[in-house]
Amino acid sequence: MEKQELLKVEGLKQYFPIKGGFLGRTVNHVKAVDDISFTIYEGETVSIVGESGCGKSTTGRAILRLEEPTEGKVEFRGVDLAGLSKRDMRKYRKDLQIIFQDPYASINPRQTVASVLTEAMDIQKVLPANERRGRAEELLETVGLLPYQADRFPHEFSGGQRQRIGIARALSVNPQLIICDEAVSALDVSIQAQVLNLLEELQDEFKLTYLFISHDLGVVRHISDRIIVMYLGKIVEIADKYSLFENPKHPYTKALLSAIPIPDPDKKKERIVLRGDVPSPIDPPSGCRFHTRCPYATEKCQVDVPELRTASSMKEGHEAACHYIEEIESGEKQPNY
Amino acid sequence: MSIQGTEDIILEVKNLQTIFKTDTGDVRAVDGVSFKLPKGKTIGIVGESGSGKSITSLSILQLLASNGKITNGEVLYKGDDLLKLTENQMRKLRGNEISMIFQEPMTSLNPVYTVGQQISEALMLHQNMSKKDAFIRSVELLQLVGIPSPDKRVKNYPFELSGGMRQRVMIAMSLACDPEILVADEPTTALDVTIQAQILELIKELQDRLGMSVIFITHDLGVVAETCDYVAVMYAGQVVEYSDIRTLFHQPKLPYTIGLLKSLPRHDIEQDKLEPIKGNVPSPHEMPVGCRFSPRCPAATDLCRTKMPQLETDENGNQVRCWIYTDEWTGEAEVDIYGETRIAKSGGAKTVLPD
Ligand SMILES: Nc1ncnc2c1ncn2[C@@H]1O[C@H](COP(=O)(O)OP(=O)(O)OP(=O)(O)O)[C@@H](O)[C@H]1O
Ligand code: SF4
Ligand SMILES: [Mg+2]
């Protein structure tokens, strides 16, 4: 079957102004997302990973226009969302839903679960009003809660249960794409596994597409088909899951993977410890943004911005933005710690 | 790796119980915590949120909120029960012999003092150093924990530092007086993984160099596997399994521990499906009568639901709190653990669940 493009992001930039001086003028910008492009196909799960401040959540928010993107295109089924009027955008809100990290913060504590769900249906004009309550109860069952819990308030639920309510709310408007922004990060592992399994079941059942935003590479390996790695507002590597974990090419991806502790005391592996902290996105390093911490960096890296490309050792669709993919692979270039 | 053997035990917690008085009744936050910390080693305390990890460490140091009270147990440090010391004696011990790094560095560093002032204060208080000597030592300590340009950083306020650097400052402060035991409560949870890797390496290196014993509290099983020699698993206020690190990961005994490991999505191997533990942790106000895990345990029997199991020690010194491993578990019970049927032969503490 042909892969159908569902969402296509092109040249997306999100700059946030920094006000300064007593006139409150814009003195600079935080370049949270700086010219990124990628495509998501129908029915797949794409994850964006990276450390705090790399721009992964900002990307999700810009796609939904929760913040107006500075530049770039966000095409959903061929329609550029970024170019739509606010009013026309509203029609697409039901197709693209988001689930946040903290389910409590995104649910009104004074609303019963039923009214949280029926309100979402009302705004998007899903179903006639008299069928919504029944649908709400159905949705609760779908996410593993009980229909009678519809009249309870959010505080009467545990963290994992509240996350299920967040999922039910997203599902209530029959979306096509769900953006999960650290949706399972705050949950304990035993509960996190329940919610991950639920998300997978729902994907099969409702043919959903997920954009999964997470800093947890274990979760990401489990849930994704393809993975995007970001560093300081840029994409440094895109690959199918297997290639990314078994054949990473960008030095940052390698360092990131090697930094994650493995829950097996007999598996000790080479750790690449990066120097220093992530630089500020206000004044990001020139050339390759990773050059200040990269063990392979040269003068060229300080000047030339590397483009995403597929070297001959990489599978189709696997791209990395590094000048020295081949030289690092062949051992011609050695790390300098 | 025997725990009972010849190793020198520097700290032993026995049957600790800590209760908080609240408007809605008593919360038994810690209710049956026992473990041993061999000298120079690291013990991990793992468990999910609310299982009582932090309260255990705060109880050891007697730093509980005013509504909290230790109602039972012993905390033996080099053989003496800390719970019998006066507040004055405890104050001398804290930060000096036993020191602590907290979960959130920002809340435990004082925002209105510079980093140098805060480290110096500990040195002047515990080591009777002069102000000048304390300042020099502060710079040395910042250097020791890998802070670049320590002579400049010593004059910074906490907000001027990144998260990773703040955590390094916390570690520098906790090391100021050469403690025998370092209690680290989720010292890397708020940090990015590449920074976490730096901090874990630092703690390990300092431990080797200074010969400290470490209590490492975390909910991250990867961090445990990487840093600890022994582990105590907590569930609902109790230690439910205690063993050396390799046994815990390769031959976990407790259905709860097995479930935790099966729930964990891993980045280093392909897994087909996660096997979650059903249900939720019990509310601290409504603890199950018998085994606290029994409402969620796939192997639970009527015995489990009515009587609380005790921590039983096996021939290696490892411990587990589960009826399966006792003489009361009669006959050959079929235990259905997460979709696989295993036969637990009654062999008391020697029972093994075959794979
Ligand atoms: N001052 C207090 N008053 C009442 N209950 C308290 C107080 N402090 C802690 N508790 C309760 O004690 C129990 C254990 O809490 P503790 O902070 O030790 O958990 P934890 O295992 O450290 O969790 P986390 O992983 O979230 O840090 C919880 O039920 C908590 O709500
Ligand atoms: S005592 Fe019973 S309920 Fe508790 S963990 Fe063991 S088998 Fe499960
Ligand atoms: Mg805690």
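For the structure, see preceding data.
Below: a short report on this structure. Every chain is numbered independently, its residues counted from 1 as its sequence is written. For this description, chains carry letters from A and ligands carry numbers from 1, given in the order in which they are written. The predicted origin of the model limits local features to residues at a pLDDT of at least 70 and limits the giving and counting of side-chain atom pairs to 80 or more, whereas totals for whole chains, interfaces and linings rest on all residues. Only heavy atoms go into the side-chain values, all of them from the structure, while hydrogens and water stay out.

In this section: the overall build of chain A. Here a strand is any run of E in DSSP of at least two residues, a helix any run of H or I of at least four, and the numbering for each starts at the N terminus. Looking only at helices and strands, chain A features 11 helices and 11 strands. Note that the radius of gyration is over C-alpha atoms, with the globule rule given as 2.2 Å times the number of residues to the power 0.38. For 337 residues, the compact-globule estimate of 2.2 N^0.38 gives 20 Å, and chain A sits close to it at 21 Å. For every residue, the accessible area obtained with a 1.4 Å probe (protein chains only) is divided by the maximum for its type, and the residue is called buried under 20%, exposed over 50%, and partly exposed between those limits. A total of 337 residues make up chain A; the buried ones form 53% of that total. Of the contacts formed within chain A by residues at least 6 apart in sequence, a portion of 62% connects residues at least 24 apart. Of the roughly 15000 Å² that chain A leaves accessible, carbon and sulfur atoms contribute 48%. As used throughout, the charge tally considers Lys and Arg to be positive and Asp and Glu to be negative, leaving His and the chain termini uncounted. We put the charge of a Lys on NZ, of an Arg on CZ, of an Asp on CG and of a Glu on CD. Of the side chains in chain A, 44 bear a positive and 50 a negative charge, and the two mean positions are spaced by 4 Å. Should any heavy atoms of two residues lie within 4.5 Å, those residues are counted as being in contact. Per-residue and other accessible areas were derived by the Shrake-Rupley procedure at a 1.4 Å probe size, with only the shown protein chains allowed to occlude residues.

Turning our attention to the nonpolar core. I119, L142, V145, I171 and Y256 of chain B are the most contacted members of the largest nonpolar core, which totals 65 residues. With residues near it in sequence (within four places) discarded, Y256 of chain B still touches E48, V233, M234, Y235, V240, I277 and F293 of chain B. Only buried residues count toward a nonpolar core, which is a set of Ala, Val, Leu, Ile, Met, Phe, Trp, Tyr and Cys residues joined through side-chain atoms within 4.5 Å. Counting residues in hydrophobic clusters, the runner-up holds 40 residues, among them V113, L117, I191 and A193 of chain A.

Moving on: the interface of chain B and chain A. One widely used convention gives an interface's size as the accessible area the parts lose upon coming together. The interface of chain B with chain A comprises 40 residues on the first partner and 41 residues on the second. Summed over both partners, the interface of chain B with chain A comes to about 3600 Å²; 53% of that surface belongs to carbon and sulfur atoms. Note on definitions: salt bridges are taken to be side-chain nitrogens of Lys or Arg within 4 Å of carboxyl oxygens of Asp or Glu. Linking chain B to chain A there are four salt bridges. Between R271 of chain A and E226 of chain B there is a salt bridge; the shortest N-O distance is 2.6 Å. Contacts described as polar in this section are N or O atom pairs within 3.5 Å, which, within protein, must combine one atom able to donate a hydrogen with one able to accept it, while residues neighboring in sequence count only if both atoms come from side chains. Between chain B and chain A we count 17 residue pairs in polar contact (both at pLDDT 80 or more) in total. Listing elements by their share of the side of chain B that touches chain A, those giving two or more residues are helix 8 (193-210), helix 9 (221-227), helix 10 (245-250) and helix 11 (255-263) of chain B. Buried area counts how much accessible surface, traced with a 1.4 Å probe, disappears from two parts once they are put together, with both parts' losses summed.

Before going further, it helps to spend a moment on the sheet that holds strand 6 (residues 96-99) of chain A. All names here are of chain A. At least two DSSP bridges between two strands are required for those strands to pair. Taken in spatial order, the seven strands make up an open sheet running 6-7-8-3-9-10-11, and their pairing is mixed. Only two strands of the sheet have a single neighbouring strand rather than two, namely strand 6 and strand 11 (319-320). With two bridges connecting them, strand 10 (residues 234-240) and strand 11 associate as antiparallel partners. Considered in strand 11, the bridge of I238 is made with E319. Between N-to-C directions, angles cover 0 to 180 degrees, with each direction set by a line fitted to C-alpha atoms, over the stretch in contact for helices. Where helix 9 (residues 251-259) meets the sheet, its contacts fall on strand 9 (226-231) and strand 10, and the angle it forms with strand 9 comes to roughly 100°.

What follows covers unusual backbone geometry. Residue and element names in this part refer to chain A. Although it is not a glycine, D35 adopts a positive phi angle of roughly 70°. Structurally, the position occupied by D35 is in strand 2 (residues 25-41). Although it is not a glycine, R77 adopts a positive phi angle of roughly 50°. Topologically, R77 is positioned in the loop between strand 4 (71-76) and strand 5 (79-80).

Residue and element names in this part refer to chain A. The geometry of helix 3 (residues 113-123) relative to helix 5 (residues 159-171) is characterised by a closest axis approach of 8 Å and an angle of 25° between their N-to-C directions. Compared by their axis directions, helix 3 and helix 5 come out roughly parallel. Remark: the crossing between helix 3 and helix 5 carries right-handed chirality. Here helix 3 contributes V113, V116, L117 and A120 to the contact with helix 5, which in turn contributes I165, A168 and R169. Throughout this description, any angle smaller than 35 degrees is read as roughly parallel, any larger than 145 degrees as roughly antiparallel, any in the 65 to 115 degree range as roughly perpendicular, and the remainder as oblique. Here a crossing is taken to be left-handed if its near helix is turned anticlockwise relative to the far helix by less than a right angle, and right-handed if that turn runs clockwise.

Structurally, D220 of chain B is set in the loop between strand 8 (213-218) and helix 9. Among the polar contacts listed, one links the side chain of D220 of chain B to the backbone nitrogen of G222 of chain B, at a separation of 2.8 Å.

Residues and elements named next belong to chain B. Think of it this way: one heavy atom of a residue within 4 Å of a molecule or strand is enough to make that residue near it. Close contacts around ligand 1 come from 16 residues, with S49, G50, K53, S54 and I55 the closest. Here an oxygen atom of ligand 1 and a side-chain polar atom of S49 are 2.7 Å apart. Contacts to ligand 1 include N67, whose side-chain N or O atom sits 3.1 Å from a nitrogen atom. Alone, ligand 1 offers 650 Å² of accessible surface; in the complex the protein occludes 71% of this. Of all the elements in the fold, those that place two or more residues in the shell around ligand 1 are strand 1 (9-22) and helix 1 (53-60).

Our next topic: the pattern of salt bridges. Side-chain pairing between opposite charges can occur once the charged atoms of the two side chains come close. With the rule as written, the count across this model stands at 37 salt bridges over all chains. Across the pair K267 of chain A and D268 of chain B runs a salt bridge whose closest N-O atoms are separated by 2.9 Å. With one member in each of two chains, K267 of chain A in the loop between helix 9 and helix 10 (299-303) and D268 of chain B in the loop between helix 11 and helix 12 (302-306) form a pair that bridges those chains. Among the residues examined, K267 of chain A registers a relative accessible area of 35% and is labelled partly exposed. Assessed through its relative accessible area of 15%, D268 of chain B is described here as buried. Measuring nitrogen to oxygen at the nearest pair gives 3.5 Å for the salt bridge that ties E180 of chain B to K39 of chain B.

Turning our eyes to something else, we now look at the sheet that holds strand 4 (residues 68-77) of chain B. Residues and elements named next belong to chain B. Read from one edge to the other, the open sheet built from four strands follows the order 2-1-4-5, with strand pairing classed as antiparallel. Each edge of the sheet is formed by a strand with only one pairing partner; in this case those strands are strand 2 (25-38) and strand 5 (80-81). Where strand 4 meets strand 5, two bridges bridge the pair, whose relative direction is antiparallel. Among the inter-strand pairings, L76 is bridged to a residue of strand 5, identified as D81. Along the sheet face, helix 1 touches strand 1, strand 2 and strand 4 and points at about 110° away from the line of strand 1.

The next point concerns the environment of L211 of chain A. Residues and elements named next belong to chain A. Assignment of secondary structure puts L211 in strand 8 (residues 209-214). Expressed as a C-alpha distance, the spacing of L211 and I260, which sit 49 residues apart in the sequence, is 22 Å. Residues within four places of L211 in sequence aside, it is in contact with I40, V46, I48, I63, L177, I178, I179 and C180.

Aromatic ring pairs are defined here through the distance separating the ring centres and the angle between the ring planes. The rule is short: rings of Phe, Tyr and Trp, with Trp giving its six-membered ring, pair when the centres are within 6.5 Å, and they are stacked under 30 degrees, edge-to-face over 60, tilted in between. Taken as a whole and judged by the stated rule, the model has nine aromatic pairs over all chains. Ring centres 6.2 Å apart and planes at 80° place the aromatic pair F76 of chain A and Y92 of chain A in the edge-to-face group. Here F76 of chain A, found in strand 4, pairs with Y92 of chain A, found in helix 2 (residues 86-93); they are 16 residues apart in sequence, far enough to count as distant. Judged by its relative accessible area of 21%, Y92 of chain A falls in the partly exposed class. Both rings, one in Y256 of chain B and one in F293 of chain B, keep their centres 5.1 Å apart while their planes meet at 70°; by these two values the pair is edge-to-face. Residue Y256 of chain B is found in helix 11, and its partner F293 of chain B is found in the loop between helix 11 and helix 12; the two are separated by 37 residues along the sequence.

All quantities given are derived from atomic positions and should not be read as evidence of function.
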